[in-house]
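# Topology and contacts: notes
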Amino acid sequence: MSSIKQFQVTFDCADPERVARFWCEALGYVVPPPPEGFATWDDFDRSLPPERQGSAFACVDPSGVGPRLFFQRVPEGKVVKNRVHLDVRVGSGLVGEERLAALEAECARLVALGAVRGRLLLADEFNESCLVMQDIEGNEFCLD
């Protein structure tokens, strides 16, 4: 039997620090300490060649349970639906109106951070309600 591997989720984006800081706020994640020998991430970034400055940023679950999120700058913009997305679990264990209220409250909080509300998918015989959204660069995610 193989052991469970750690993994990180990587986002391609135009502005890695901006997108990372959005997800820190959305998920309660934090920016990890800068590399040894640097007082701040800005100090580290200035040590890189100009073409690499601002090219990546990360955030981590302060409890160490969730995966590291890594954001890397890419030259092209987003043009199609994500093949992989995050489900932000805010309604776990809730059903009906109580679940919808939890989804709507979290949606309002994330919209204030710059997210965009998408469509509400109401419960059916197989799935509970969820809310499709986009982060500040248009990456889809769901509140479920």
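Thresholds, definitions, all that
- Residues numbered from 1 in each chain as written.
- Predicted model: local features only at pLDDT ≥ 70, side-chain atom pairs only at ≥ 80, totals over all residues.
- Heavy atoms only, no water.
- Salt bridge = Lys/Arg side-chain N within 4 Å of Asp/Glu carboxyl O.
- Helix = DSSP H or I, 4+ residues; strand = E, 2+ residues; numbered from the N terminus.
- Buried < 20%, exposed > 50% of the residue type's maximum accessible area, 1.4 Å probe, protein only.
- Contact = heavy atoms within 4.5 Å.
- Pairing = 2+ DSSP bridges.
- Axes fitted to C-alpha atoms, helices over the stretch in contact; angles between N-to-C directions.

Time to look at the pattern of salt bridges. In total, this model carries 6 salt bridges according to the counting rule given. Across the pair E17 and R21 runs a salt bridge, and its minimum N-O distance is 2.9 Å. On the criterion of helical spacing, the pair formed by E17 and R21 is a turn pair, its members being 4 residues apart in helix α1 (residues 16-27). By relative accessible area, which is 42% here, R21 ends up partly exposed.

Among the structural elements, W41 can be located in helix α2 (residues 41-46). W41 sits in the partly exposed class, given a relative accessible area of 28%. Ignoring any residue separated from it by four or fewer positions in sequence, one finds W41 in contact with V31, P32, P33, P34, P35 and F57.

Take the sheet that holds strand β7 (residues 140-143) next. Read across the open sheet, the 4 strands follow the order β4-β7-β6-β5; overall the sheet is mixed. Looking at the sheet topology across the chains shown, the edges are occupied by β4 (86-88) and β5 (116-121). With strand direction ignored, the average angle separating the axes of adjacent strands in the sheet is 25 degrees. Of the strand pairs in this sheet, β5 and strand β6 (residues 130-134) are connected by 4 bridges, and their pairing is antiparallel. Across the sheet, V116 pairs through a bridge with Q134, a residue of β6. Packed on one face of the sheet, helix α3 (residues 96-112) meets β5, β6 and β7 and runs near 10 degrees to β6.

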